[in-house]
Amino acid sequence: MNKITTYLNQHKIDYAILSGKYDKASLDTEAKEFKSDLDIVLSCNRNLFIENIKHDTAYQQIEENTFLDIENKIKIDFYFKTVNVGYYHYLNIDEQSFVKKEVSETEYILYQILDPLLKFSRYHNRHQFRLKAYFKNGISTEIKNSLRDIVGKKLANQLLEKISIDDFNFNKSFIRRCKYSMLFINGNFVKMLKARIFS
């Protein structure tokens, strides 16, 4: 991690690392050895950043916003101001997180709730472990309100109610409804149209 943060600091790029206090312990719950990626949200112009880092021989581009730190063999996923899966930009990162160089606990919990559903349509063991640990003493009002802003009150309540009783099974219909709700935040509907028209 030191290598990429040094690069970002040298280029005066503000960043917030997506990490939580239960990450390391949660990896032990996976059936096979799992090496986590490094997820970083940047507060900068995406096109300029990607163009510059592509020419740095220390990194190899794997996907559109994903690079490999060749020396340390770490896959790095870059996000830009918001956390997204495809055109679903669901989490706006607060400016204070860029000052502190890491996302807030609330932001990270929201990421743990939504990212697995959008990306995998399920919660892996590591995600379940983290959410159980964060919610062992209940779910804060801040989490409830923030999630309602993203997927709506009804879906947020259903989602949190199931997670609070360690029920991590969600059918495809529920996930589709969450995705549909997300189309109406952060200009995602326009992003979807552009992706479908120009892809």
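Provided above is the structure to which this section pertains.
A. Here's a closer look at the nonpolar core. The biggest cluster of nonpolar side chains holds 45 residues, and the ones touching the most others in it are Tyr90, Ile113, Phe135 and Leu159. Those elements that place two or more of their residues in this core are strand S6 (82-85), strand S7 (88-92), helix H5 (105-120), helix H6 (125-134), helix H7 (141-151), helix H8 (153-164) and helix H9 (172-182). Looking at this core, the element that brings in the most residues is H5, giving eight residues. Here Phe135 is in contact with Ile109, Ile113, Ile143, Leu160 and Ile163, once residues within four sequence places are set aside. By size, the runner-up hydrophobic cluster in this structure holds 19 residues, among which are Ala58, Phe67, Ile76 and Phe80.

B. View of the environment of Leu38. Turning to its location among the elements, Leu38 is positioned in strand S2 (residues 38-43). Considering only alpha carbons, one finds Leu38 and Asp77, 39 residues apart in sequence, at a separation of 6.2 Å.

C. The arrangement of the packing of helix H1 (residues 2-10) against helix H3 (residues 46-54) in detail. Two elements in contact, H1 and H3, have axes whose closest approach is 13 Å; the angle formed by their N-to-C orientations is 120°. By the angle between their directions, the pair H1 and H3 is classed as oblique. Crossing of H1 over H3 shows right-handed handedness. Between H1 and H3, the residues in contact are Ile4, Tyr7 and Leu8 and Phe49, Asn52 and Ile53, respectively.

Cut-off values and rules
Residues numbered from 1 in each chain as written. Predicted model: local features only at pLDDT ≥ 70, side-chain atom pairs only at ≥ 80, totals over all residues. Heavy atoms only, no water. Core = buried A, V, L, I, M, F, W, Y, C linked by side-chain atoms within 4.5 Å. Buried < 20%, exposed > 50% of the residue type's maximum accessible area, 1.4 Å probe, protein only. Helix = DSSP H or I, 4+ residues; strand = E, 2+ residues; numbered from the N terminus. Contact = heavy atoms within 4.5 Å. Axes fitted to C-alpha atoms, helices over the stretch in contact; angles between N-to-C directions. Parallel < 35°, antiparallel > 145°, perpendicular 65-115°, else oblique. Left-handed = near helix turned anticlockwise from the far one by under 90°.

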